[in-house]
Number of protein chains: 2
Amino acid sequence: MLVAELAQRYLPPLDAFMRDVVESAPTAPGFDTLLRYPFGWVDANGQPYHHPTGKRIRPILLLLCAEAAGGDWHSALPAAAAVEILHNFSLIHDDIQDDSEIRHNRPTVWKIWGRANAINAGDAIFALAYSALSRLNATTSPEIALACWQIFNLTNLELTRGQHLDMRFESQASVTTDAYISMVSGKTAALVSASAQMGALIASGSTEKAAHFARYGLNLGIAFQIHDDILGIWGNPDVTGKSAATDILSRKKSLPVLYGLAQSPTLNAVYQRNPFQAADVDEAVRLLDTIGAHEYTRQSEAAYFQQALDALHAALNGRSQAANDLLRLSDLLFERSF
Amino acid sequence: MLVAELAQRYLPPLDAFMRDVVESAPTAPGFDTLLRYPFGWVDANGQPYHHPTGKRIRPILLLLCAEAAGGDWHSALPAAAAVEILHNFSLIHDDIQDDSEIRHNRPTVWKIWGRANAINAGDAIFALAYSALSRLNATTSPEIALACWQIFNLTNLELTRGQHLDMRFESQASVTTDAYISMVSGKTAALVSASAQMGALIASGSTEKAAHFARYGLNLGIAFQIHDDILGIWGNPDVTGKSAATDILSRKKSLPVLYGLAQSPTLNAVYQRNPFQAADVDEAVRLLDTIGAHEYTRQSEAAYFQQALDALHAALNGRSQAANDLLRLSDLLFERSF
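Everything numeric in this text was worked out from a predicted model, so none of it was measured. Within every chain, residues take consecutive numbers counted from 1 along the sequence as written. Lettering for chains starts from A, numbering for ligands starts from 1, and both go in the order in which the items are written. Reporting of local features is limited, given that this is a predicted model, to residues whose pLDDT is at least 70; pairs of side-chain atoms are given and counted only at 80 or more, and all residues count toward the totals for whole chains, interfaces and linings. Heavy atoms from the whole structure form the basis of all side-chain values; hydrogens and water molecules are not counted.

J.: Go over the packing of helix α3 (residues 57–68) of chain A against helix α8 (residues 177–204) of chain A, please, and point to the residues and values.
T.: Residue and element names in this part refer to chain A. To define axes, lines are fitted to C-alpha atoms, for helices over the stretch in contact only, and angles between the resulting N-to-C directions are given on a 0 to 180 degree scale. The helix count covers DSSP runs of H or I at least four residues long, the strand count covers runs of E at least two residues long, and both are numbered beginning at the N terminus. Viewed as axis vectors pointing N to C, α3 and α8 meet at an angle of 30°, and their least axial separation amounts to 7 Å. The angle between α3 and α8 places the two elements in the roughly parallel class. Pair α3 / α8 crosses with right-handed handedness. Seen from α3, the contacting residues are Arg58, Leu61, Leu62, Cys65 and Ala66; seen from α8, they are Leu191, Val192, Ser195, Ala196, Met198, Gly199, Ala200 and Ala203. Three classes are used, and their members are as follows: Ala, Val, Leu, Ile, Met, Phe, Trp, Tyr, Cys and Pro are nonpolar, Asp, Glu, Lys and Arg are charged, and the others, Gly among them, are polar. Across the contact of α3 with α8, the residue classes break down as 10 nonpolar, 2 polar and 1 charged. Any angle that is under 35 degrees is reported as roughly parallel, and any over 145 degrees as roughly antiparallel; angles of 65 to 115 degrees are reported as roughly perpendicular and all others as oblique. Helix crossings fall into two classes, left-handed where the near helix is turned counterclockwise from the far one by less than a right angle and right-handed where it is turned clockwise. Pairs of residues are marked as contacts when any of their non-hydrogen atoms sit within 4.5 Å.

Set out below in structure tokens:
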């Protein structure tokens, strides 16, 4: 089990590092709990416990990229902590924006403490992500620390640009598949890209090699999101844990749907029905199948995944154990088999 | 007119620098307007115009501190832009948290684009503040750029800690004056402190000198807030532009009020009246006057201001024109006479 093996190697020191960063924040009554709850370290009353809050995919990928690029992964821990802390910040603000009440099987931050406190907790955790990253000062050269800072800034702008487009699409009559890929590049893929890029840069010191890793991460992130879009319509409920065609029921503008809406006036008509019920969902899925939306999306995913692999092969000169692991991990992410 | 003179010297290059940072953000339909509106560069439709959005006190202070510390203020422009951009980010999120509909005589970001978009715009502008600061890489040594990064991280954590306490106090039965000063140190004074500290550090390269400037800024910021608290009760409406005793009417827990509530059971009783009307406001102000709250607060302000001046004198060895200007500017800020 590759992922379990990687998790066992990386996650204890990562968790310790993240805790040290969060615990270095200035303290105030109630503030400390708000900073720890999102990571699953305390309950809503501030009592220590352990609650699982995600698979830590991004930091695992970052550290494995550092190894595959030929360096010591320990020196990349500040960046790994930074991307995971940043991811948690973005979930806090996303949950306010989406009115989501549950995250990782617990009430969301805004649901417990209200929107004003959740905005502020997110802002604090945003700053903590930068605090973590700035500790690169102790593990790498000033030049590489500063280069990672620039990468991180651009990543955060990409994240907010993607989030902006995602919200904008909801009220937009038509969205092109190009615009959709642009949104996904920011919202989902930018942080995966930055993870791969920073891991490689810290490990190798080579901007050129890191650029290949960035391209790997970007395309992997896009393929990952497209795979999610496929599962949201054609996924097996027993495997995904969600009801079938859940994205159709919520009329989400995912890639297969955008393809379908552009091809089929009938689908457009179905999508405008109000109310929109189970029979409409079935009809929409049938229409998508008829016009080949499933196949189109699968091919799109495969194309991005191939670009990711091409970039990775361009970056890896010579195969190490870590390089092999990274290729295997890429496959696993693609298959979502863990 | 010192302030007009400083504004004339610093603000055109500062504004150009800030625009360059904001324009370097990745672009998307609607996103660009959200990033420019808070700075008064475009209207809500994205049409260019110029709307005044504040006096840019923090960057002016930062650049003057750089000069007073014996350096070239131009090399501190990235930090000056960072503190001003950060200040604007914090206003966007504050306005959501406070449900404020007007800022700088215009509708607030959330009022125009909704809360979800305003949270996201704030996040993007937060990242832009870091983008601005990271350009120190081009104007100073890597070591100083990294040190400023650390200062900025801690400042942002202090800002959110202060904001947390401020919101917490609203629902808290009793707040000590110590807790209040702790809140103000974060919410108001931390960014003033960081401005003075970074300006001095960039200009002089001396951590020790910069620490004096930090202490100057922190105490100046606290004195500034206490002065605001005095004006909120005893300010002349013709000068402040607000109605008399406006902080009493909103039952704000400012320093004079906290002092009064700790001293006077009668004031506690008055403050718990519901409804709380004009006659109650008058009675509360009379009670505050009787127990010497005005005098207490004035002395507290004077003490912090004196500590600010002491720190400044410790930092300035030898008087330059800039050092004299900085002392005069401190007086002006204290008197709020511009």
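Past the structure itself, the notes keep going.
J.: Can you break down the pattern of salt bridges residue by residue, with the values?
T.: Side-chain pairing between opposite charges can occur once the charged atoms of the two side chains come close. One speaks of a salt bridge when a side-chain nitrogen belonging to Lys or Arg is within 4 Å of a carboxyl oxygen belonging to Asp or Glu. By the definition in use, this model includes 32 salt bridges over all chains. Measuring nitrogen to oxygen at the nearest pair gives 2.8 Å for the salt bridge that ties Arg273 of chain B to Asp280 of chain B. Note on exposure labels: buried denotes an accessible area under 20% of the residue type's maximum, exposed denotes more than 50%, and partly exposed covers the range between, all computed with a 1.4 Å probe on protein chains only. Using a relative accessible area of 31% as the deciding quantity, one classes Arg273 of chain B as partly exposed. When its relative accessible area of 10% is taken as the criterion, Asp280 of chain B is described as buried. Taken together, the shared-partner salt bridges connect Asp15, Arg19, Arg56 and Glu84 of chain A into one network.

J.: Which residues make up the relation of the copies chain B and chain A, and what are the values?
T.: The relation between the two copies of this chain is a rotation about an axis and a shift parallel to it. When chain B is fitted to chain A, the residual RMSD is 0.0 Å, and the transformation amounts to a turn of 180° plus an axial shift of 0.0 Å. What the superposition gives is, in effect, a two-fold axis relating one chain to the other. Minimal C-alpha separation from the rotation axis in chain B is found for Pro142 of chain B, amounting to 3.0 Å. When the interface residues of chain B are mapped onto chain A, 100% of them again fall at the interface, so both copies present the same face. Least squares is the method used to superpose the copies, on C-alpha atoms of residues holding a pLDDT of at least 70 in both.

J.: Summarise the interface of chain B and chain A; cite the residues concerned and give the values.
T.: Opposite the 44 residues of chain B that make contact, chain A presents 44 residues. A combined buried area of about 3900 Å² lies between chain B and chain A, and 70% of that area is made up of carbon and sulfur atoms. Connecting chain B to chain A are 0 salt bridges. Within 3.5 Å is the distance limit for a polar contact, defined as a pair of N or O atoms, with the added protein rule that one can donate a hydrogen and the other accept it, and that residues adjacent in sequence qualify only through two side-chain atoms. Viewed at the interface, chain A and chain B are joined by 18 residue pairs in polar contact (both at pLDDT 80 or more). Residue assignment for the side of chain B that touches chain A shows that the elements contributing at least two residues are α2 (31–36), α4 (77–97), α6 (115–134) and α7 (142–170) of chain B. Tallying contributions element by element places α7 of chain B first for the side of chain B that touches chain A, with 18 residues. Class assignment of the residues belonging to the side of chain B that touches chain A gives a composition of 24 nonpolar, 15 polar and 5 charged. Note on terms: buried area is the combined drop in 1.4 Å-probe accessible area of two parts once they are placed together, counting the loss on both.

J.: Now, about α7 of chain B: what can you tell me, with residues and values included?
T.: End to end, α7 of chain B covers 43 Å across 29 residues, agreeing with the expected 42 Å (1.5 Å per residue, within 8%). Summarising burial for α7 of chain B: 21 of the 29 residues are buried, a large majority. A helix is expected to span 1.5 Å for every residue after the first.

J.: Mind laying out the state of the cysteines, listing which residues take part and the relevant values?
T.: Residues and elements named next belong to chain A. Criterion for a disulfide: a pair of cysteine sulfur atoms at a distance within 2.5 Å. What the rule picks out here adds up to 0 disulfides over all chains. For Cys65, which is in no disulfide, the shortest distance to another cysteine sulfur is to Cys148 and amounts to 13 Å. Here Cys65 falls in the buried class, since its relative accessible area comes to 0%.

J.: Now, about the packing of α3 of chain A against helix α4 (residues 77–98) of chain A: what can you tell me, with residues and values included?
T.: All names here are of chain A. The N-to-C vectors of α3 and α4 enclose an angle of 160°; their axes lie 8 Å apart at closest approach. Judged by the angle between their axes, α3 and α4 are roughly antiparallel. Between α3 and α4 lies a crossing of right-handed hand. Across from Arg58, Pro59, Leu62 and Leu63 in α3, the residues of α4 making contact are Leu77, Ala79, Ala80, Val83, Glu84 and His87. Its residues assigned to classes, the contact of α3 with α4 comprises 7 nonpolar, 1 polar and 2 charged.

J.: An account of the environment of Ser320 of chain A is requested, with residue identities and associated values reported.
T.: Residue and element names in this part refer to chain A. Residue placement: Ser320 occurs in the loop between α15 (293–315) and α16 (321–335). Look at Ser320 and you get partly exposed, because its relative accessible area is 29%. Between the C-alpha atom of Ser320 and that of His227, which follows or precedes it by 93 residues, the distance is 28 Å.

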